Every structure is written in structure tokens, then in C-alpha cells.
Amino acid sequence: MYQQLLCFTEEKFGQAEKTELDANFENLLARADSTKNWTEKILRQTEVLLQPNPSARVEEFLYEKLDRKVPSRVTNGELLAQYMAEAASELGPTTPYGKTLIKVSEAEKRLGATERDFIHAASINFLTPLRNFLEGDWKTISKERRLLQNRRLDLDVCKARLKKAKAAEAKAACEGDLWNDEVDKSEQELRVAQTEFDRQAEVTRLLLEGISSTHVNHLRCLQEFVESQTTYYAQCYRHMLDLQKQLGSSQGAIFPGTFVGTTEPASPPLSSTSPTTTAATMPMEPSVAGPAPPGEAALCLEEVAPPASGTRKARVLYDYEAADSSELALLADELITVYSLPGMDPDWLIGERGNKKGKVPVTYLELLS
């Protein structure tokens, strides 16, 4: 150990030669270090995404280390739902405000349950594999790298000892037999050290090359994370769309229809001019199953004329490919004129761009005032 420390110090000060690893090996080391560092950062930030409360994260970490089940925790959405339900009970569940509180409370409760399912899926499919790599494979790699470092220092010590023995032999020619023995001994130690170093280098190289398999595994986990996140946001969107329709149908005086000619109070626009709301809006393919609403089946686009009032400008949020000749293809960020007709599906509007017109899905639009 003392010889290793002395050799390491001399190498740092440039007083001794250091056995260098080949360029490919150095690249493998750098790639492994980069993988470890970014895995840690992604893991920590994903934990923050799933649980923004630092105290709750510390509590979950302690339970995990103690190998105990993490107690079920009420989500923020579920807590909000509870407060709204209690408020409705006290303020009057039969009043317009109370009824609305109850409806929103039920939606928030569903959102909370959806969030819980998403967190559970993301933890199993994404966080756990990342932790397993850091606490398993990476610890093994680190251990073998330390062994390789020790073998390299042993090899450098043997090289330095042989170099000194040969220098002493040259100076003391009269004691050649004695120094020949010392040189032979040093050469034998060097061969043993070289063999051990080569063997350890090969073991470490194989582990480092396994980082490619780690990337493949993390790629699959990342895809599963995206899928669970997509499912989560789609479910949240459906819950809120259902709530929006309930409020629009039951409280027409509070949420009046937007377009003239609609037989029922329409839901408020799915997008607003607020950048935050726009970013949060997800495009959902409108349902086309089942018979068309009355009046829409016989709709002839060539004969359709915009109403005298009630047309609006809309900005397209996402590209949309028309399913048939009755629909209008859309390009993100373009401006079109939209309006509704009596009996139309509320998920659709008539869109016009120049001399072209056709049905367009509401969820792909930001309605402008």
C-alpha cells in the first residue's frame, strides 16, 4: 500500500511513468461516467416531477431504505376534492354554487386517482430500473475500476523497481551477480503484475461494454414512461372535458353558447389566448363512430354559407390530416374562419380558408376573440 501511494504521488508530480490505458478503454470509461452522471440527474428530476414535496420525498426514501411499505398519501387533487365537497355541504348542495362544487369535486377526485396510477406506473417502469443500475451495475463497475487502479499501481511499482535495479547494475559492474539476481526478481514480479493488470483490465472492459445494454434497457423504460405519461394526460383531458360539458349543459346562464345557431348551450372554447392554457391543451381525435347528428348527414359543403353573425377567427394548434372530403386539412399556426351550424356535433366546426371549407375538430383550434 505504501509503495502504491508513493508511486501514485510521484505520478501526480510527473516524477514517475504511468501505465496508460488504450484510447478505446478511456472512451469506455468516459461513456460509463457520463451514463452514471446523467442517470442520477434524470432520476432526481423525475422524482421531483412525481413528488414535488421535498419532505415527502425524504419520507419515501427512508421507508424504502428501511424496506417498509410507503404509506398511502392523499394527492393534491383528492385533497382539493375533499375541500370542495365539504364546502358544498356547508354552503348548500342544492344551490347553483354548491352543485357546481360537487361536480368539480368529483372531477378532481378522478384526477387525483389518475395521478396516483401514473405515479405508481412511472415508479415501477422508470425510476426502479434507473435505481437498480446505480445501486447494482454501477457499484460493480466502480469496484472493478478500483481494483484495476490498484493493479495499475502495482504494475507501475514493479516497473520502477526494475528500472532502479538495472540502473544499480550498470553502476556496480563489480557486483554483477548480486544485481543480476535483483534484476531477475524484479522482472519476475513485473510479469506477475502485468498478468494481473491485463486480467483485471479485461474484466473491467467487459463491464464497461455492458453500458450499451444499459442504454437499451433505459430506452425501453423511457418509452414506457412516455406511454404512461401520455395515458395520464389523456385521461386528465377526458375527465376535464366531461366536467366542462356538464357545467356547460347544466349552467347555460353561466357558460353561454359561443356560436349562433346551436340548439344547446355550447361548451366554452377548449383553448384560450393564455399561453399556459394553450400549451396544456391536448389534441384528441373526435369520435366519428355512430350516425351523424340530425341535419349533419345531409350537409352539403358547397351549399353551406356562414351565418350572418357568429363567425370567429381561430388559430390552428396542431397539424390535422382530413379523413375525407368533408373535412378540412389543417396546418399548425395558420388562421382560419370557423362557425357552427344547427345540429352539428359540438366537437366539430365548419372551417374556411380561402375558397376551401370543411369540418374541423374543435380540439385542434385556439378560438380567438
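Refer to the structure printed above.
Now for a quick tour of the structure. (Residues numbered from 1 in each chain as written. Predicted model: local features only at pLDDT ≥ 70, side-chain atom pairs only at ≥ 80, totals over all residues. Heavy atoms only, no water.)

Description of the nonpolar core
Of all hydrophobic cores here, the largest spans 32 residues; its most connected members are F25, F118, F126 and L208. Residue assignment for this core shows that the elements contributing at least two residues are α2 (23–50), α5 (96–171), α6 (176–209) and α7 (211–250). For this core, the element with the highest residue contribution is α5, accounting for 15 residues. Once residues lying within four places of it in the same chain are set aside, the contact partners of F126 are I42, T46, A121, C221, L222 and F225. The next biggest cluster of nonpolar side chains, apart from the first, holds 18 residues, and it includes V316, Y320, L341 and L367. (Core = buried A, V, L, I, M, F, W, Y, C linked by side-chain atoms within 4.5 Å. Buried < 20%, exposed > 50% of the residue type's maximum accessible area, 1.4 Å probe, protein only. Helix = DSSP H or I, 4+ residues; strand = E, 2+ residues; numbered from the N terminus. Contact = heavy atoms within 4.5 Å.)

Some remarks on the sheet that holds strand β4 (residues 356–361)
Paired through their backbone hydrogen bonds, the strands of a sheet run either parallel or antiparallel. Pairing within the open sheet is antiparallel, and its five strands lie in the order β4-β3-β2-β1-β5. Bordering the open sheet on either side are β4 and β5 (365–367), each of which pairs with just one other strand. The sheet shows a mean angle of 40 degrees between the axes of neighbouring strands, taken without regard to direction. Taken together, the four bridges between strand β1 (residues 312–316) and strand β2 (residues 335–339) define a ladder with antiparallel strand orientation. Paired with R315 across the two strands is L335, which belongs to β2. (Pairing = 2+ DSSP bridges. Axes fitted to C-alpha atoms, helices over the stretch in contact; angles between N-to-C directions.)

Observations regarding the packing of helix α4 (residues 76–91) against α5
The geometry of α4 relative to α5 is characterised by a closest axis approach of 7 Å and an angle of 165 degrees between their N-to-C directions. Overall, the two elements α4 and α5 adopt an arrangement that is roughly antiparallel. Relative to α5, the crossing made by α4 is left-handed. Contacts between α4 and α5 involve G77, E78, L80, A81, M84, A85, A87, A88 and L91 on the former and, on the latter, Y97, G98, L101, I102, V104, S105, E108, K109, G112, A113 and R116. (Parallel < 35°, antiparallel > 145°, perpendicular 65-115°, else oblique. Left-handed = near helix turned anticlockwise from the far one by under 90°.)

Brief notes about the side chain of E352
Relative to the helices and strands, E352 is located in strand β3 (residues 348–353). Look at E352 and you get buried, because its relative accessible area is 18%. Looking at E352, its side chain comes within polar contact range of the side chain of Y339, at 2.8 Å. Separated by 3.5 Å, the side chains of E352 and K357 make a polar contact. (Polar contact = N/O pair within 3.5 Å; in protein donor to acceptor, adjacent residues only side chain to side chain.)

Observations concerning a nonpolar patch on the surface
Residues V74, L79 and Y83 make up a contiguous nonpolar surface patch of roughly 280 Å² in combined accessible area. Inspection of the secondary structure puts L79 in helix α4. (Patch = residues over 30% accessible without salt bridge, like charges linked within 9 Å, V, L, I, M, F, W, Y side chains within 5 Å. Areas by Shrake-Rupley, 256 points an atom, 1.4 Å probe, with all protein chains shown as cover. Salt bridge = Lys/Arg side-chain N within 4 Å of Asp/Glu carboxyl O.)

Remarks on the pairing of β4
In this structure, β3 lies alongside β4, joined through six bridges in antiparallel fashion. Looking at β4, one finds that I350 is bridged to K359. Here β3 folds back onto β4 in antiparallel fashion, the turn holding two residues, of which G354 has a positive phi close to 65 degrees.

Digging into the pattern of salt bridges
Counting across every chain of the model gives 12 salt bridges. Of the charged contacts, one joins R205 and D22 as a salt bridge, the two residues approaching to 2.9 Å between their closest N and O atoms. Here the residue R205 occupies a position in helix α6, and D22 occupies one in the loop between α1 (2–12) and α2, the gap between them amounting to 183 residues. We classify R205 as buried; its relative accessible area is 17%. Between R145 and D33 there is a salt bridge, with its nearest N and O atoms 2.7 Å apart. Separated by 112 residues along the polypeptide, R145 in helix α5 and D33 in helix α2 bring together distant segments of the chain.

Nothing here speaks to function; it is geometry throughout.
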